[in-house]
Amino acid sequence: MTIRTRFAPSPTGYLHVGGARTALYSWLFARKHGGKFILRIEDTDLTRSTAESVNAILEGMTWLGLEYDEGPFYQTDRFARYDEVIRKLLDEGKAYRCSCSKERLDKLREEQMARKEKPRYDGYCRNRDVSPDEPHVIRFRNPTEGEVIIDDLIRGRIIVSNRELDDLIIRRSDGSPTYNLTVVVDDWDMGITHVIRGDDHINNTPRQINILKALGAPIPKYAHVPMILGEDGSRLSKRHGATSVMEYRNMGYLPEALLNYLVRLGWSHGEQEIFSVDEMIEYFELENVNRAPSTFNPEKLLWLNQQYIMKDDPARIAHLLSPHMGERDIDPATGPDLVDVVKLLQERASTLVEMAEQAEFFYRDFEEYEPKAAKNHLRPVAREPLEALREALAQLKDWTPEALQATISGVAEKLGLKMGKVGMPLRVAVSGKGASPSLDATLALLGREKTLARIDRALKYIEQREADAARTT
Ligand code: GLU
């Protein structure tokens, strides 16, 4: 049997990290078993579904690398098929028309609530043979006896008595099919063997199984993934921070870091924290998904991102960094090879946004010095070492890290200054900041022209500062 799983988002918003995790588990399970992963867009709610949302979901899945083998299938393309199935159920007496008014149903509900019963349809129209000409909905004739057994691959056995289920609506009065009907028809037609989805759907599962049975369709296996909570214990939502997959991309996260975080959120393999995608596929087991909800921890995600930035191939990072450079209007053609800059910054940035910020001075003159760095290091005492550096660097033959290092130490020695008194003004002069990667490597990449121009700029800045000070005293 070929394993077939699916991800079935409703396109009513962005791709949420919770949805992405469910998709990841479905995808991993299919990949692990040499199966197929299907994408289905559940867009029957015409008032809430949007094309932008479909695009956001597709974009998020592409960015994460969750490629699908079939689809995307759109439920709105399948109304004729749903009608056909509803007709079959009606013809076989497994569904019926119901013309109960809203008033009757409201009253029924109130009475049941007053008796402390669970509100449910009482089957009034079950045997009334309502005419198709009357306004009506269509209800599934749920069995009244027996029980539904679900051997959930995560939660274990769940037994639901049919007496607790009522005859649910499968077609609304406007003729549109309802969620439980469309999912059943699609899972059947698409040959889904394993339904892996959020546990907010667990109450639908026994109803869906009853409809599948009525249709004589095979029953897939189910795995309900527990939800994700925010750190205060309530369901993860925007108020806990970013919940959209693409927002993480925009904040400078690597897709592999987010995938790694999501796979570990509610699943484990011993003590291992870092998983390549191949390892995830190799080790992933639904049985090892936690039954309890998991808590989303942004610090841990940031930590993982930093680990990936440190260890990933510099060319790969440069590729992912480019759009963030673009965000800052930086054209990497105007400076050193981005891959070399990445190598210098890999240990120093926890997001690509930070890295782009740190990389900026290689490509563009900074607007201003970091105030504190300028105040401490671009002082009158820095003038002499900067002038000496300028002269020595202008004459330097080989613009290599070794030669640059020797030049800087040589200037310090000649002037009888500690390295810091020479290095720090130079660092602030070329980068605008009090912190940067090692000076020799930085200057080597920055090149002679930019280095000298920036030393000149710093010398002017110091002069101006002296002039200002003279005027105010
Ligand atoms: N469309 C449903 C949702 O987005 C999922 C349905 C399912 O996985 O069965 O919640």
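That block above? That's the structure.
A. How the structure looks around the overall build of the protein chain. Within the protein chain one finds 19 helices and 12 strands. Over its C-alpha trace the protein chain gives a radius of gyration of 32 Å, far above what one expects of a compact globule, namely 23 Å for 473 residues. If one aligns the C-alpha atoms of the protein chain with their principal axes, the spans along those axes are about 105 × 50 × 40 Å. Out of the 473 residues belonging to the protein chain, those deemed buried represent 50%. Accessible area of the protein chain: about 23,000 Å², with a carbon and sulfur share of 50%. Measuring between centres, the 66 positive side-chain charges of the protein chain sit 4 Å from its 74 negative side-chain charges.

B. Representation of the pairing of strand β3 (residues 70–74). Here 3 bridges tie strand β2 (residues 36–41) to β3, and the two strands are oriented parallel to one another. Directly across from Ile 41, in β3, lies its bridge partner Tyr 74. Read from β2 through helix α2 (residues 51–64) to β3, the crossover connection turns out right-handed.

C. Summary view of the site of the ligand. Contacts to the ligand come from Arg 6, Ala 8, Pro 9, Ser 10, Glu 42, Tyr 179, Val 183, Arg 197 and His 201. Tyr 179 places a polar side-chain atom, nitrogen or oxygen, 3.0 Å from an oxygen atom of the ligand. Note that an oxygen atom of the ligand is positioned 2.7 Å from one of the side-chain N or O atoms of Arg 197. In isolation the ligand exposes 300 Å². Once the protein is present, 81% of that is buried. Taken together, the residues of the shell around the ligand break down into 4 nonpolar, 2 polar and 3 charged.

D. Structural view of helix α17 (residues 419–431). The end-to-end C-alpha distance of α17 is 17 Å, a good match for the 18 Å that 13 residues give at a rise of 1.5 Å each. Of all 13 residues making up α17, 10 are buried, and the element is well covered by its neighbours. Where α17 is concerned, the buried positions are Val 422, Gly 423, Met 424, Pro 425, Leu 426, Arg 427, Val 428, Ala 429, Val 430 and Ser 431. Here the buried face of α17 lies against α13 (352–363), α14 (371–377), α15 (383–395), α16 (401–415), α18 (439–446) and α19 (448–472). Directly beyond the C-terminal end of α17, a positive phi value near 80 degrees is found at Gly 432.

E. Spatial organisation of α16. With 15 residues, α16 ought to run about 21 Å at 1.5 Å a step, and its terminal C-alpha atoms sit 21 Å apart, in line with that. Regarding α16, the residues found buried are Ala 403, Leu 404, Thr 407, Ile 408, Val 411 and Ala 412. Against α15, α17 and α18 lie the buried residues of α16. Just downstream of α16, Gly 416 is the residue with a positive phi angle, here 65 degrees.

F. Highlighting the side chain of Asp 152. Turning to its location among the elements, Asp 152 is positioned in strand β6 (residues 147–152). One buried charged residue, Asp 152, forms no salt bridge at all, with the nearest opposite charge on Arg 155 at 5.5 Å. In this structure the side chain of Asp 152 is engaged in a polar contact, spanning 2.8 Å, whose partner is the backbone nitrogen of Ile 154. Ignoring any residue separated from it by four or fewer positions in sequence, one finds Asp 152 in contact with Ile 158, Tyr 222, Ala 223 and His 224.

G. Spotlight on unusual backbone geometry. Cis geometry marks the peptide bond from Gly 71 to Pro 72; its omega dihedral reads 0 degrees. On the secondary structure map, Pro 72 appears in strand β3. Even without being a glycine, Lys 116 presents a positive backbone phi close to 60 degrees. Here Lys 116 is to be found in the loop between α4 (102–114) and β5 (137–140). Its relative accessible area of 77% is what places Lys 116 among the exposed residues.

H. Structural view of the environment of Leu 320. Mapped onto the secondary structure, Leu 320 falls in helix α11 (residues 314–327). Sequence-distant contacts of Leu 320, that is, excluding residues within four places in its chain, are made with Leu 254, Pro 255, Glu 256 and Leu 352.

I. Structural detail: the sheet that holds strand β4 (residues 95–98). Across the sheet, 3 strands lie side by side as β4-β5-β8; this open sheet has antiparallel pairing. The open sheet has two edge strands with one neighbour each: β4 and β8 (169–171). Direction aside, the axes of adjacent strands within the sheet are offset by 45 degrees on average.

J. Looking closely at the packing of helix α12 (residues 338–345) against α18. Viewed as axis vectors pointing N to C, α12 and α18 meet at an angle of 165 degrees, and their least axial separation amounts to 11 Å. On the basis of their axis angle, the class for α12 and α18 is roughly antiparallel. Handedness of the α12/α18 crossing: left-handed. When α12 is examined against α18, the residues Asp 340, Val 341 and Leu 344 are found in contact with a partner set consisting of Ala 441, Thr 442 and Leu 445. In terms of residue class, the contact of α12 with α18 is built from 4 nonpolar, 1 polar and 1 charged.

K. Molecular detail of the pattern of salt bridges. Taken as a whole, this structure holds 35 salt bridges when the rule is applied. One salt bridge in this structure joins Arg 40 and Asp 187, with 2.9 Å as the shortest N-O distance. Of the two residues, Arg 40 sits in strand β2 while Asp 187 sits in helix α5 (residues 179–189), which places them 147 residues apart along the sequence. Across the pair, exposure class does not vary: Arg 40 and Asp 187 are buried alike. Of the charged contacts, one joins Arg 239 and Asp 232 as a salt bridge, the two residues approaching to 3.4 Å between their closest N and O atoms.

L. The arrangement of the side chain of Thr 442 in detail. Counting through the fold element by element, Thr 442 comes out in helix α18. For Thr 442, a relative accessible area of 0% corresponds to the buried category. Not counting residues up to four positions away in its chain, the partners in contact with Thr 442 are Leu 344, Phe 361, Phe 362, Ser 436 and Pro 437.

M. A look at the packing of aromatic side chains. Applying the stated criterion to the full structure yields 11 aromatic pairs. On the basis of an interplanar angle of 75 degrees and a centroid distance of 6.4 Å, the ring pair of Phe 275 and Tyr 283 is categorised as edge-to-face. In this structure Tyr 283 comes out as partly exposed when scored by relative accessible area, which is 24%. Plain terms: the ring middles of Phe 361 and Phe 362 are 4.4 Å apart, the flat faces sit at 25 degrees to each other, and that makes the pair stacked. In terms of burial, Phe 361 and Phe 362 fall into one category: buried. Positioned over the ring face of Tyr 124 is Arg 104, at 4.1 Å from the centre of the ring.

So, how was this worked out
Residues numbered from 1 in each chain as written. Predicted model: local features only at pLDDT ≥ 70, side-chain atom pairs only at ≥ 80, totals over all residues. Heavy atoms only, no water. Helix = DSSP H or I, 4+ residues; strand = E, 2+ residues; numbered from the N terminus. Rg over C-alpha atoms; globule rule 2.2 N^0.38 Å. Buried < 20%, exposed > 50% of the residue type's maximum accessible area, 1.4 Å probe, protein only. Areas by Shrake-Rupley, 256 points an atom, 1.4 Å probe, with all protein chains shown as cover. Lys, Arg positive; Asp, Glu negative; His and termini not counted. Charge placed at Lys NZ, Arg CZ, Asp CG, Glu CD. Pairing = 2+ DSSP bridges. Right-handed = clockwise from strand over helix to strand, strands pointing away. Near = heavy atom within 4 Å. Polar contact = N/O pair within 3.5 Å; in protein donor to acceptor, adjacent residues only side chain to side chain. Nonpolar A, V, L, I, M, F, W, Y, C, P; charged D, E, K, R; others polar. Expected span 1.5 Å × (residues − 1). Contact = heavy atoms within 4.5 Å. Salt bridge = Lys/Arg side-chain N within 4 Å of Asp/Glu carboxyl O. Axes fitted to C-alpha atoms, helices over the stretch in contact; angles between N-to-C directions. Parallel < 35°, antiparallel > 145°, perpendicular 65-115°, else oblique. Left-handed = near helix turned anticlockwise from the far one by under 90°. Phe/Tyr/Trp six-rings, centres within 6.5 Å; stacked < 30°, edge-to-face > 60°. Lys NZ or Arg CZ within 6 Å of the ring centre and 35° of its normal.

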